[in-house]
Each structure stands twice: as structure tokens, then as C-alpha cells.
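Fold and geometry: a report
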Amino acid sequence: MTTKQWHAQLSKGALADLLIDRLNEILKTDPVALNALVSHRVPCNDELAKHSTVQVHDDGINPTTVGLLGVLNGLVGAIEDGPRKGWGFITGVSEADGSLSHFQRTK
């Protein structure tokens, strides 16, 4: 089975759920490493910033940046309708101290 055939059989929601499960496993295994990876962002160009599914941070003042979660959401695709249209399927939930608690589907 080719990658394209495999992807066609896997819905966005199913892919998001698979990634969420794996991210939560990794978070339990090494929370320090995953917190560092998820909080790290790098500058990106305008073409990536305008990508239809990759999630970026653009405050209009500082350079536009992208992180691991934005790229993973880009692989899954954006929510197609409803109040979260255009948002990514995967959300990182933070504790009061800013550390990651867990990952879940965007609500």
C-alpha cells in the first residue's frame, strides 16, 4: 500500500487521535523533552505562514513562527466547519505553571 492509499483510508480525526495517543505516551515517558519540543518555535516564511493547514503564530509584530504542534496539525489537516473552522485537530493542554498536561482533540 502506498502512502497516498494509506492516507486516503485514514480520516483526519483518526489520524489526529493516533497522534494524540502517541503524544500522550511520549509525554508520560519524557515530559521534559516533549515540553521543550512543543514550546520551541522557529521563524517561518510567508509561504508556510499562509499554508492551508499548518498552524503558525503571527502576532503582527514579531516574526511569524511555527512549532511541532503546528506542523503535526498541518499533517492532519484543519477542521473544516463549525466554530473552530481552520483550527488544528490537536490541542496541547497546559497546567497552571505552563507545562503540558496532556494532548486532546480541539473542542
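Residues numbered from 1 in each chain as written. Predicted model: local features only at pLDDT ≥ 70, side-chain atom pairs only at ≥ 80, totals over all residues. Heavy atoms only, no water.

A closer look at the layout of surface pockets
Looking at the largest pocket, its volume works out to about 390 Å³. Around the largest pocket, the lining comprises 23 residues; the ones closest to its centre are Arg 41, Gln 55, Leu 69, Gly 70 and Asn 73. Of all the secondary structure elements, the ones that give two or more residues to the lining of the largest pocket are helix H3 (31-39), strand S2 (56-57), strand S3 (65-67), helix H5 (68-76) and strand S4 (90-94). Among the residues forming the lining of the largest pocket, the class breakdown is 8 nonpolar, 14 polar and 1 charged. (1 Å grid on protein atoms, 1.4 Å probe; cavity = no way out; pocket = protein on both sides within 12 Å on 5 of 7 lines; lining within 4 Å. Points joined across faces, edges and corners; volume = space filled by probe spheres on them. Helix = DSSP H or I, 4+ residues; strand = E, 2+ residues; numbered from the N terminus. Nonpolar A, V, L, I, M, F, W, Y, C, P; charged D, E, K, R; others polar.)

Some points on H3
All of the buried residues in H3 are Leu 34, Asn 35 and Val 38. The buried residues of H3 occupy an angular sector of 105° when the element is viewed end-on, so they sit on one face. Opposite the buried face of H3, by more than 90 degrees, sit the exposed residues Val 32 and Leu 37. Summarising the contacts, the buried residues of H3 are in contact with helix H2 (12-29), strand S1 (41-43), H5 and strand S5 (100-105). (Buried < 20%, exposed > 50% of the residue type's maximum accessible area, 1.4 Å probe, protein only. Arc of directions from axis to C-beta. Contact = heavy atoms within 4.5 Å.)

Concerning H5
The complete set of buried residues in H5 reads Leu 69, Gly 70, Leu 72, Asn 73, Gly 74 and Val 76. Check the buried side of H5 and you find it contacts H2, S3, S4 and S5. In the segment just after H5, Gly 77 is the residue with positive phi, at about 110°.

Brief notes about the environment of Asp 46
Mapped onto the elements of the fold, Asp 46 is located in helix H4 (residues 46-49). According to the relative accessible area criterion, Asp 46 is exposed, its value standing at 57%. In this structure the C-alpha to C-alpha distance between Asp 46 and Lys 28, which are 18 residues apart in sequence, comes to 35 Å.

Let's talk about the sheet that holds S2
Here we have 3 strands laid out as an open sheet, ordered S1-S3-S2, and antiparallel in their pairing. Bordering the open sheet on either side are S1 and S2, each of which pairs with just one other strand. Here S2 runs beside S3; their pairing, made up of 2 bridges, is antiparallel. When the sheet's bridge partners are listed, Val 56 is paired in S3 with Val 66. (Pairing = 2+ DSSP bridges.)

A closer look at the confidence of the model for the protein chain
Averaged over all residues, the pLDDT of the protein chain is 92; the fraction at 70 or higher stands at 93%. Per-element confidence in the protein chain is highest for S3, whose mean pLDDT is 98, and lowest for helix H1 (residues 3-9), whose mean pLDDT is 62. (pLDDT = per-residue confidence, 0-100.)

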